[in-house]
Amino acid sequence: MGDAIDRPRIEAAVRELLLAIGEDPERPGLERTPERVAESFGELFAGLAADPVAALGEPVPLGTTDAGGATTSDTVIVRDLAFRSVCEHHLLPFLGTAHVAYVPDGRVVGLGRIPAAIDVLAARPQLQERLADEIADALEAALAPRGVLVVLEAAHGCVTSRGARQSQSSTVTVVARGLLAEPARRAEAITLIGGRADA
Ligand code: ZN
């Protein structure tokens with residue numbers, strides 16, 4: 001995986017930021033801050049150099065049942081996946097939980113692959129709304145499922161820690177496509193997820 005992040009440049013910019021707020025970047029407490037920020041940016045934005053569809057791995061066929069019939073797994077739901085991202089408007093973190101449901105069309109991905117793909121997409125400057133769409137896009141690209149539903153619930157640093165300081169507020173976004181966009185299926189999937197999103 002290529003390291004596209006220019007750490008010396010981040011360090012120089014952080015020194016500038018510290019000067020711009022009237023701080024002394026040379027004082028002992030701040031001396032190593034540019035280096036630490038560059039290090040943490042490397043982690044927070046590692047997803048820029050990675051491919052979410054590759055993270056989903058090779059899909060595997062659902063196969064057949066012991067009786068010889070085709071396996072017809074209806075809906076696969078992976079819920080309560082913690083994620084961490086950075087809001088692209090303020091470069092402040094947002095933390096939350098993702099729930100993903102899909103209706104396979106003969107193929108599935110390994111269950112551990114879905115959080116890996118979410119990690120890739122979340123480790124970029126993001127908007128919660130776009131993150132939900134991009135998770136759905138990756139699943140569609142990897143699997144062409146018959147339906148996909150992504151629910152994200154997150155608390156945003158830019159809302160909880162600044163401005164009106166709504167420390168308890170969270171934001172819910174829902175993306176529903178294909179079969180899971182049908183009102184009854186969507187409502188059922190959201191109930192199974194146990195989310196608070198309105199159907
Ligand atoms: Zn923000």
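See the structure printed just above.
Digging into the coordination of the zinc ion
- Surrounding the zinc ion are the protein donor atoms Cys87 (SG), His90 (ND1) and Cys158 (SG), at 2.1 to 2.3 Å.
- Read in sequence order, the donor residues for the zinc ion give the motif C-x2-H-x67-C.

Some remarks on the nonpolar core
- Judged by nonpolar contacts, the single largest core of 34 residues is most densely connected at Phe83, Tyr102, Ile114 and Leu139.
- Broken down by secondary-structure element, the contributors of at least two residues to this core are β2 (76-87), β3 (93-103), α4 (113-122), α5 (128-143) and β6 (147-156).
- Of the residues forming this core, the biggest block, eight residues, is contributed by α5.
- When sequence neighbours within four positions are dropped, the list of residues in contact with Leu139 reads Leu56, Val100, Tyr102, Val109, Ile114, Ala144, Pro145 and Val148.

Looking at the packing of helix α1 (residues 7-20) against helix α2 (residues 33-44)
- For the pair α1 and α2, interaxial distance at closest approach is 8 Å and the crossing angle is 130°. It follows that α1 is oblique to α2 by the angle criterion. The interaxial crossing formed by α1 with α2 has right-handed handedness. Within the contact between the two elements, α1 uses Arg7, Ile10, Glu11, Val14 and Arg15 and α2 uses Thr33, Pro34, Glu35, Val37, Ala38, Glu39, Phe41 and Gly42.
- Split into classes, the residues belonging to the contact of α1 with α2 amount to six nonpolar, two polar and five charged.

Structural notes on the pattern of salt bridges
- Summed over the entire model, instances satisfying the criterion amount to 11 salt bridges.
- A salt bridge links Asp74 to Arg185, with the nearest nitrogen and oxygen atoms 3.4 Å apart. Within this pair, whereas Asp74 is found in the loop between β1 (60-61) and β2, its partner Arg185 is found in helix α7 (residues 183-193), the two being separated by 111 residues in sequence.
- Accessibility expressed as a relative area gives 41% for Asp74, which makes it partly exposed.
- Note on Arg185: relative accessible area 18%, which makes it buried.
- With a closest N to O distance of 2.8 Å, Glu140 and Arg177 form a salt bridge. A residue pair is termed long-range when its members are at least 10 positions apart, and Glu140 in helix α5 and Arg177 in strand β7 (residues 171-178) qualify at 37 residues.
- Several salt bridges share partner residues, and in doing so they unite Asp133, Asp137, Glu140 and Arg177 into one network.

So, the packing of aromatic side chains
- Under the definition given, this model contains two aromatic pairs.
- Relative to Phe45, the ring of Phe41 has its centre 5.2 Å away and its plane inclined at 85°; by these criteria the two rings are edge-to-face.
- Overall, the relative accessible area of 9% leaves Phe45 in the buried class.
- Seen from their ring centres, Phe83 and Phe94 are 6.1 Å apart, and the 85° between their planes marks the pair as edge-to-face. A residue pair is termed long-range when its members are at least 10 positions apart, and Phe83 in strand β2 and Phe94 in strand β3 qualify at 11 residues. Per residue, the accessibility class of Phe83 equals that of Phe94, and both read buried.

Conventions used here
Residues numbered from 1 in each chain as written. Predicted model: local features only at pLDDT ≥ 70, side-chain atom pairs only at ≥ 80, totals over all residues. Heavy atoms only, no water. Donors = N, O, S within 2.8 Å, 3.2 Å for Na, K, Ca; no water. Core = buried A, V, L, I, M, F, W, Y, C linked by side-chain atoms within 4.5 Å. Buried < 20%, exposed > 50% of the residue type's maximum accessible area, 1.4 Å probe, protein only. Helix = DSSP H or I, 4+ residues; strand = E, 2+ residues; numbered from the N terminus. Contact = heavy atoms within 4.5 Å. Axes fitted to C-alpha atoms, helices over the stretch in contact; angles between N-to-C directions. Parallel < 35°, antiparallel > 145°, perpendicular 65-115°, else oblique. Left-handed = near helix turned anticlockwise from the far one by under 90°. Nonpolar A, V, L, I, M, F, W, Y, C, P; charged D, E, K, R; others polar. Salt bridge = Lys/Arg side-chain N within 4 Å of Asp/Glu carboxyl O. Phe/Tyr/Trp six-rings, centres within 6.5 Å; stacked < 30°, edge-to-face > 60°.

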